Amino acid sequence: MAGDDKFREAGSIAAEVMDAAIKKVKVGARLLEVANYAEGKIFEMGAKPAFPINISINERAAHYTPDAGDTRVFEKDDLVKLDIGVHVDGYIGDIARSKAIGGGHKKLIAAAEAALDNAISALKPGVKTNEIGGIVEKTIKDFGFLPVNNLTGHMLTEWNLHGGIVVPNVRTMHGHKFREGDVFAIEPFSTDGAGRVVDEANAMIFRYLADKPLRMREARTILAYVKENYSMLPFAERWVADLVPRFKLGLALRQLVSSKSLHPYHILRERAGGLVAQAEHSVRITSGGCEILTEK
Ligand code: MN
Ligand code: MN
């Protein structure tokens, strides 16, 4: 399969996994069960996760994934963002959707979805990333909300989730022109809060950075394993939890982060505690527009 076809394949698997996984998001279901289901289905379909499924709820915008012992269940008023990444030989499909379990927050979700639709309608060669940011910002503000201004869409290249160029969710001074054949993830976030996310202390998602001297044997074990298996793309705490005694896992990961062996993706929370909705598709720029890759 050529690279172009692998992008399409990864996107279509991501879309199918999303459709199936989001149905499992309901009151009383465990987050861990949905995560295992979604990631298992990706493997079943012959692909691999490009990153751990993000299940971010309410004021959390991104980067929450259940840990190995997670017992949290979905609650009736939760506003849930599922963000799923799939890769086929390094070609990535990245898709996200929001679901309000109690059926509320319709306008907030619609704002993110409309922003995504409007951005996709405007995408074509020669259009600039900051113009797309302007469209996202205006659409979300017209709904009476704010875009999250420090989260962005991003270029997708082989084995690289963030291929250098970002697509802002607000109008910025400078932009980059889209070119035919480029692949991008477009992902507006809408909020009724301050329009900005901040890091929480915790991280459940990490990425390999470099081999560093490590005192703790368990830290060395984890680092060798992730270098072998996830050297380019992010992984979850729960993907390495069985490598070491559970009571040493947290300490080993902290040592790996403080030694700069691993990059931590901190959980991102809306600064003012506002609710956050997200919509995301991966697209390829065509001669006259763009093709949505994350569709079945
Ligand atoms: Mn995503
Ligand atoms: Mn993305």
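Okay, the overall build of the protein chain next. If you tally the helices and strands in the protein chain, you get seven helices and 15 strands. With respect to the three principal axes, the spread of C-alpha positions in the protein chain is 55 × 45 × 35 Å. The proportion of buried residues among the 296 residues of the protein chain is 55%. Look at the contacts in the protein chain between residues 6 or more apart in sequence, and 76% of them connect residues 24 or more apart. Element-wise, carbon and sulfur atoms account for 49% of the exposed surface of the protein chain, whose accessible area totals about 12700 Å².

Along its sequence, the protein chain is organised into domain 1 (3–196 + 271–292) and domain 2 (205–268). When each unit is reduced to the centre of its C-alpha atoms, the spacing between domain 1 and domain 2 is 25 Å. Every contact between the two is made by 26 residues of domain 1 and, on the other side, 15 residues of domain 2. Buried surface at the junction of domain 1 and domain 2, summed over both partners, amounts to about 1600 Å²; 68% is from carbon and sulfur atoms. Across the contact surface, domain 1 and domain 2 share one salt bridge. With a shortest N-O distance of 2.7 Å, glutamate 39 and arginine 238 are connected by a salt bridge. Linking domain 1 with domain 2 are eight residue pairs in polar contact (both at pLDDT 80 or more), by the criterion used here. Those elements that provide at least two residues to the side of domain 1 that touches domain 2 are α2 (31–44), β1 (48–57) and β2 (60–62). The element contributing the most residues to the side of domain 1 that touches domain 2 is β1, with six residues. Class assignment for the residues of the side of domain 1 that touches domain 2 results in 16 nonpolar, six polar and four charged.

The next point concerns the coordination of the manganese ion (ligand 2). Around the manganese ion (ligand 2), the protein supplies Asp94 (OD), His154 (NE2), Glu187 (OE) and Glu280 (OE) as donor atoms, at distances of 2.1 to 2.2 Å. For the manganese ion (ligand 2), all donor residues lie on one chain, and their spacing in sequence is D-x59-H-x32-E-x92-E. Between the two metals, the manganese ion (ligand 2) and the manganese ion (ligand 1), the spacing is 3.1 Å, and aspartate 94 donates to both. Linking glutamate 187 in the loop between β8 (183–186) and β9 (189–191) with glutamate 280 in the loop between β13 (276–278) and β14 (281–285), this pair joins segments that are 93 residues apart in sequence. Of the residues examined, glutamate 187 reaches a relative accessible area of 7% and is grouped as buried. Among the residues examined, glutamate 280 registers a relative accessible area of 1% and is labelled buried.

Counting 32 residues, the largest nonpolar core has Ile55, Phe74, Val80, Leu82, Ile84 and Val86 as the members making the most contacts within it. Broken down by secondary-structure element, the contributors of at least two residues to this core are α1 (3–23), α2, β1, β3 (79–88), β10 (197–208) and β12 (262–270). Considering every element that reaches this core, the biggest residue donor is α1, with eight residues. The residues that make up this core include at least three from each of domain 1 (3–196 + 271–292) and domain 2 (205–268). If near-sequence neighbours (up to four positions away) are discounted, leucine 82 is found in contact with Met18, Ala21, Ile22, Val25, Ile53, Asn54, Ile55, Ile95, Ala96 and Arg97.

Further remarks concern the sheet that holds β10. Spatially, the four strands line up as an open sheet ordered β2-β12-β10-β11, and their pairing is antiparallel. With one partner strand each, in any of the chains shown, β2 and β11 (235–236) form the two edges of the open sheet. Note: β10 against β11, two bridges, orientation antiparallel. The residue of β11 that forms the bridge with isoleucine 205 is alanine 236. Lying over the sheet, helix α5 (residues 217–229) contacts β10, β11 and β12, oriented at roughly 75° with respect to β10. Sitting on the sheet, helix α7 (residues 246–258) touches β10 and β12, and the angle it makes with β12 is about 100°.

As a further point, take helix α4 (residues 129–142). Over its 14 residues, α4 runs 20 Å from end to end, which matches the ideal 20 Å to within 8%, given 1.5 Å per residue. For α4, the set of buried residues is Thr129, Asn130, Ile132, Gly133, Gly134, Val136, Glu137, Thr139 and Ile140. If you follow the buried residues of α4, they end up packed against α3 (106–122), β5 (146–147), β7 (166–167) and β9. One or two steps after α4, the chain reaches glycine 144, where phi turns positive at roughly 90°.

Time to look at the coordination of the manganese ion (ligand 1). The protein atoms that coordinate the manganese ion (ligand 1) are Asp83 (OD), Asp83 (OD), Asp94 (OD) and Glu280 (OE), at distances of 2.0 to 2.4 Å. For the manganese ion (ligand 1), all donor residues lie on one chain, and their spacing in sequence is D-x10-D-x185-E.

Turning our eyes to something else, we now look at the side chain of threonine 65. By the secondary structure assignment, threonine 65 is in the loop between β2 and β3. With a relative accessible area of 0%, threonine 65 lands in the buried category. Within the structure, the side chain of threonine 65 is placed 2.5 Å from the backbone oxygen of isoleucine 53, a separation counted as a polar contact. Looking at threonine 65, its side chain comes within polar contact range of the side chain of arginine 238, at 2.8 Å. Discounting residues that sit within four places of it in the chain, threonine 65 has contacts with Pro52, Ile53, Met204, Ile205, Ala236 and Arg238.

Conventions used here
Residues numbered from 1 in each chain as written. Chains lettered and ligands numbered in written order. Predicted model: local features only at pLDDT ≥ 70, side-chain atom pairs only at ≥ 80, totals over all residues. Heavy atoms only, no water. Helix = DSSP H or I, 4+ residues; strand = E, 2+ residues; numbered from the N terminus. Buried < 20%, exposed > 50% of the residue type's maximum accessible area, 1.4 Å probe, protein only. Contact = heavy atoms within 4.5 Å. Areas by Shrake-Rupley, 256 points an atom, 1.4 Å probe, with all protein chains shown as cover. Domains from an automatic or database assignment. Buried area = accessible area lost by both parts, 1.4 Å probe. Salt bridge = Lys/Arg side-chain N within 4 Å of Asp/Glu carboxyl O. Polar contact = N/O pair within 3.5 Å; in protein donor to acceptor, adjacent residues only side chain to side chain. Nonpolar A, V, L, I, M, F, W, Y, C, P; charged D, E, K, R; others polar. Donors = N, O, S within 2.8 Å, 3.2 Å for Na, K, Ca; no water. Core = buried A, V, L, I, M, F, W, Y, C linked by side-chain atoms within 4.5 Å. Pairing = 2+ DSSP bridges. Axes fitted to C-alpha atoms, helices over the stretch in contact; angles between N-to-C directions. Expected span 1.5 Å × (residues − 1).

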